[in-house]
Every structure is written in structure tokens, then in C-alpha cells.
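# Reading the structure
Listed below are the residues making up each chain.
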Amino acid sequence: MSQEPVEAVEEIVEEKDRKSWVIDTRPLRAPAYRRMWIGNGLSFFGFQFTSVAVPVQMYAVTHSSAWVGLLGIAGLVPLLIFGLWGGAAADVVDRRKLLLASSALAWLSTLGLLAQALVGANSGWLLLVLTAVQSAGFAVSSPTRQAIIPRIVPTGLVPAANTLSYTTTTAGGVLGPLAAGLIFGIASTGTGVTVAYLVDAALFTISFWATWKLPPIPPIVHAEDEEKPSAGLRGITDGLKFLVTQPVLLLSFAVDIIAMVFAMPRALFPEVAADRFGGGSAVGWLYAAIAIGSVIAGLTSGWIGRIKRQGIALIVAVVAWGIAIGFSGLAHSLWLMVLLLAVGGAADLVSAVYRQSMLQTFAPDRLRGRLQGVFIVVVGGGPRLGDLRAGATADLTGTTGSWAGGGFAAAGLALVLGLAFPALARYRPPIVSKHD
């Protein structure tokens, strides 16, 4: 069986020496990727309504911030468990079918949220359960979706495809919460959450259609003497065994953990907004600033795919993220803090694109799903650990020490890691032939 059982799109890499700094849109010429990109962008925008509505409803039902905090645990635990399993399953079954099944689970959980809002269930426990189910669906669909991309676009355009995806979802991360806030500003809590869930469910329908229209993406046929992949514990273990033998991939995960655990300041935004800027709209600007920077970087990212020393570029991006976050923590002007956070967000997009592209092109297709499962656990868990680190150290050192100190520490540790383990700095993407 061919490794590429999808539409032929080789001709779209024939444009050599593309020099534009504008975002590279060539992957959108591949019909399968274009549909998936549109569906994912709309569904992520819709999900932002739910991500705002669930904590708002939880607090309205329980009048307890502790219950709101439990939503994070309800989302994290299924992510850790099903992210690994979903990645293993993506190497065993048709990835289109698995994406359909996991998307359907997440879609049904959104419909469940809408239904409980309509009937006025007012149950904190029900919100926790539906959040966990939704997270389980996402944990399986996310590595599956990422493992599909190298099968529907040529290898040379994988960085461009990832940049398009990250830019679109980041834009949704800016616009979605703002739109949700507008709804809650003009409607009561009960009406607001109902409308928010309805918007998410409707947009998710379009994403489900886009997945349905994907071509079959079955596993690659393995050699007779090669052990067949498994979706069980053995399959997960095989993926982890491969990972520990690949220093480039391990180091790419390590720099991401450093960046998120030491330099993610969002847990400090409410306190800093209140203490330094008098609260009000300041907290909204702080939460949006990183995403704004990522969107701008994405729109001017035509150069990303032309970089050959991607390992060095990744290290530089993480160091830049840490430095920008460090200086932003020292700022006492709102516009300067937002600007520096946006610079950090731009560096974070570059880092994310290279990390994802390395994994998708460096790993063999037979292991791609399992490694994407590890990736989603790292990406999902790192910021949550960063929130914990920021909050805990703020009690000891104050917000400035926690925020700025964490940023500069991340930059230093990333630089030390790159110098101590040169395998990452030496990494270059595979050479792409004209038929890739």
C-alpha cells in the first residue's frame, strides 16, 4: 500500500526560492488540508466560547472558586491518559476513522453542556463529568489530527501547514474569548452560557463535516518481519522506547517544558492587573497579549519554512520567549507589558512550529501517532505546571520575582541545554526531493 493514500499535491512544492515574508499559504492548495484547516479553525474559535462559559457557569452554580479550579483537574487527567492511548491508536487504525470517533465524542459532550444549560441542571458534578469527557475526546483527536498532516501535505510544506494551523487557532484564542465576553456583557449568565454552548456546537458541526470529507488514511503496511503496532500498553511503550533513543526529539520536548514551566506567567495576570494597573480591562489585555503576538508572527511567517538550521532556530526562539517574558514582568506600564508579552507570543509561535515540524518529519509514520500523543501531554501539561509554579513562587518571592525571574531562568536554562547537548542545535530537516 502507498504511504500517501491521499490527493496528489506534489506540484505545490515546485515553487522554489519563495522569498515572501507573508504567511505561506501553499498547503491550502491541498483539498484535504484546506478542509481540515477550515474545520479546525472554526471549531477552535467555537471552543473558546465553551472554555469561558464552563467556569462562568460553575461559579454561578457553586459560588466557589475551588470548584472552578477542579475544572482544570477534570480536563488534565483525561488528557494525560487518553493522549498517550490516542496517539498509539492513531498508528494502528485508519486515522480518519479515529478522528471521526474522537471528534464525535467531543461534539456529544458539547451537546451535553448545551442540554444541561437548557434544562437548568445546575450541577457542578455534571459540569466536571462533561468537561472530562470533552477533554478525553480532544486528547485522542489532537495527536491523530497532527499525525494526519504529513500524510496530506508534502514534507517540504509541513512547517508552513503547522504555521497556518497555529496562527488560526491562536487567532481564535484572541477573538473567541472577546466574543464570549461580549455575550456575557449583554445577557444574563443563564442565557449567556446557553448561547455560548450553542455557538460551539454549531461550529463543531462544520469541523465534523471537514473530517468526514477527509480521504482514508490507513496505517502503512509493515514489513513481514516487523512487529505490528499495538494500541495497548505495548504500543505506548514502543513509542516511548523509540523516543528515549532520539535525543533531538527529547531535547525539543525538554525546551518546551522549560519554556512553559518557568516562564508562563498567566496565573499572575489577575493580581498584577489589580495591583499595578487598577484592574478593569487590564487583565483582558494581559490574557490576550501573548496570543496577539503569535497571530502577528504567524501572518509574517513566510520565512519559517526557509530556515534549515531548525534546531538552532528553536533554541533561539525559546531564549527569546524567556527574555521577553522576563522583561515584561519588570514593566510597570500596561502598554509596555502587553508589547513584551506579544514579543514572547511571537517567539512562542516560532518555537511551536519547529517543535511540531521536527516531530512530524523526524519520526517514522508508524510511530507518528504515539509520539504526537506524548507531544500533546507535554503541550497540555506544561502550561498547567507553569501556572502551579508561578502561583507557588509568587507567595515566596512576590509577583515580580516569580514572573521576571521565571522568564530569565527559562532563557538561561534553554541556552545551557542547547550548549550541553548539541544534537538539537545540529538538527536540520530532511532533504526534500522534488517528488516529496
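Residues numbered from 1 in each chain as written. Predicted model: local features only at pLDDT ≥ 70, side-chain atom pairs only at ≥ 80, totals over all residues. Heavy atoms only, no water.

## Here we look at the overall build of the protein chain
Tallying secondary structure elements over the protein chain gives 14 helices and zero strands in all. In sequence order, the secondary structure elements of the protein chain are arranged as α-α-α-α-α-α-α-α-α-α-α-α-α-α. Of all 436 residues assigned to the protein chain, the portion counted as buried reaches 53%. By sequence separation, contacts in the protein chain at least 24 residues apart represent 86% of the contacts at least 6 residues apart. Accessible area for the protein chain stands at about 18300 Å²; split by element, carbon and sulfur atoms hold 70% of it. (Helix = DSSP H or I, 4+ residues; strand = E, 2+ residues; numbered from the N terminus. Buried < 20%, exposed > 50% of the residue type's maximum accessible area, 1.4 Å probe, protein only. Contact = heavy atoms within 4.5 Å. Areas by Shrake-Rupley, 256 points an atom, 1.4 Å probe, with all protein chains shown as cover.)

## Structural notes on the pattern of salt bridges
Summed over the entire model, instances satisfying the criterion amount to two salt bridges. Residue Asp24 is joined to Arg26 by a salt bridge in which the shortest nitrogen-to-oxygen separation is 2.8 Å. In this structure Asp24 comes out as buried when scored by relative accessible area, which is 8%. Across the pair Asp256 and Arg355 runs a salt bridge, and its minimum N-O distance is 3.2 Å. Here Asp256, found in helix H8 (residues 247–263), pairs with Arg355, found in helix H12 (residues 334–362); they are 99 residues apart in sequence, far enough to count as distant. The same class applies to Asp256 as to Arg355, namely buried. (Salt bridge = Lys/Arg side-chain N within 4 Å of Asp/Glu carboxyl O.)

## Some details on unusual backbone geometry
We note that Asn122 has phi near 55°; this positive angle belongs to a residue other than glycine. Examined against the element boundaries, Asn122 turns out to sit in the loop between helix H3 (95–119) and helix H4 (124–152). On the basis of relative accessible area, Asn122 is assigned to the exposed category, the value being 53%.

## Side note on the confidence of the model for the protein chain
One rule of thumb: low pLDDT means the predicted coordinates there are not for detailed reading. Taken residue by residue, the protein chain gives an average pLDDT of 81. The fraction at 70 or more is 86%. When pLDDT is averaged over each element of the protein chain, helix H11 (residues 310–330) comes out on top at 95 and helix H7 (residues 233–244) at the bottom at 68. Confidence drops under pLDDT 50 across residues 13–17; counting only partners more than four residues distant or on other chains, this segment forms seven contacts. (pLDDT = per-residue confidence, 0-100.)

## Quick notes on the side chain of Thr110
Looking at where Thr110 falls in the secondary structure, it is placed in helix H3. Side chain to side chain, Thr110 and Gln134 meet in a polar contact 3.1 Å long. Excluding residues within four positions of it along the chain, Thr110 makes contact with Thr50, Gln134, Tyr197, Asp200, Ala201 and Phe204. (Polar contact = N/O pair within 3.5 Å; in protein donor to acceptor, adjacent residues only side chain to side chain.)

## So, the packing of aromatic side chains
This structure, assessed with the given rule, holds three aromatic pairs. Measuring from ring centre to ring centre gives 5.2 Å for Phe327 and Phe408, while their planes differ by 85°; the resulting arrangement is edge-to-face. A residue pair is termed long-range when its members are at least 10 positions apart, and Phe327 in helix H11 and Phe408 in helix H13 (residues 365–420) qualify at 81 residues. The ring of Trp212 has Arg96 lying over it, and the distance from NZ or CZ to the ring centre is 5.4 Å. (Phe/Tyr/Trp six-rings, centres within 6.5 Å; stacked < 30°, edge-to-face > 60°. Lys NZ or Arg CZ within 6 Å of the ring centre and 35° of its normal.)

## Here we look at H4
Relative to the 42 Å expected for 29 residues at 1.5 Å per residue, H4 spans 42 Å between its end C-alpha atoms, a close match to the ideal helical length. For H4, a buried count of 23 out of 29 residues is recorded, marking the element as mostly surrounded by other parts of the structure. (Expected span 1.5 Å × (residues − 1).)

## Let's talk about the side chain of Thr194
Tracing the backbone shows Thr194 in helix H6 (residues 189–212). Look at Thr194 and you get buried, because its relative accessible area is 17%. Not counting the four nearest positions on each side in its chain, Thr194 is found in contact with Leu114, Ala117 and Leu118.

## Some thoughts on H11
Given a rise of 1.5 Å per residue, 21 residues ought to cover 30 Å, and the 31 Å separating the end C-alpha atoms of H11 matches this to within 8%. For H11, a buried count of 15 out of 21 residues is recorded, marking the element as mostly surrounded by other parts of the structure.

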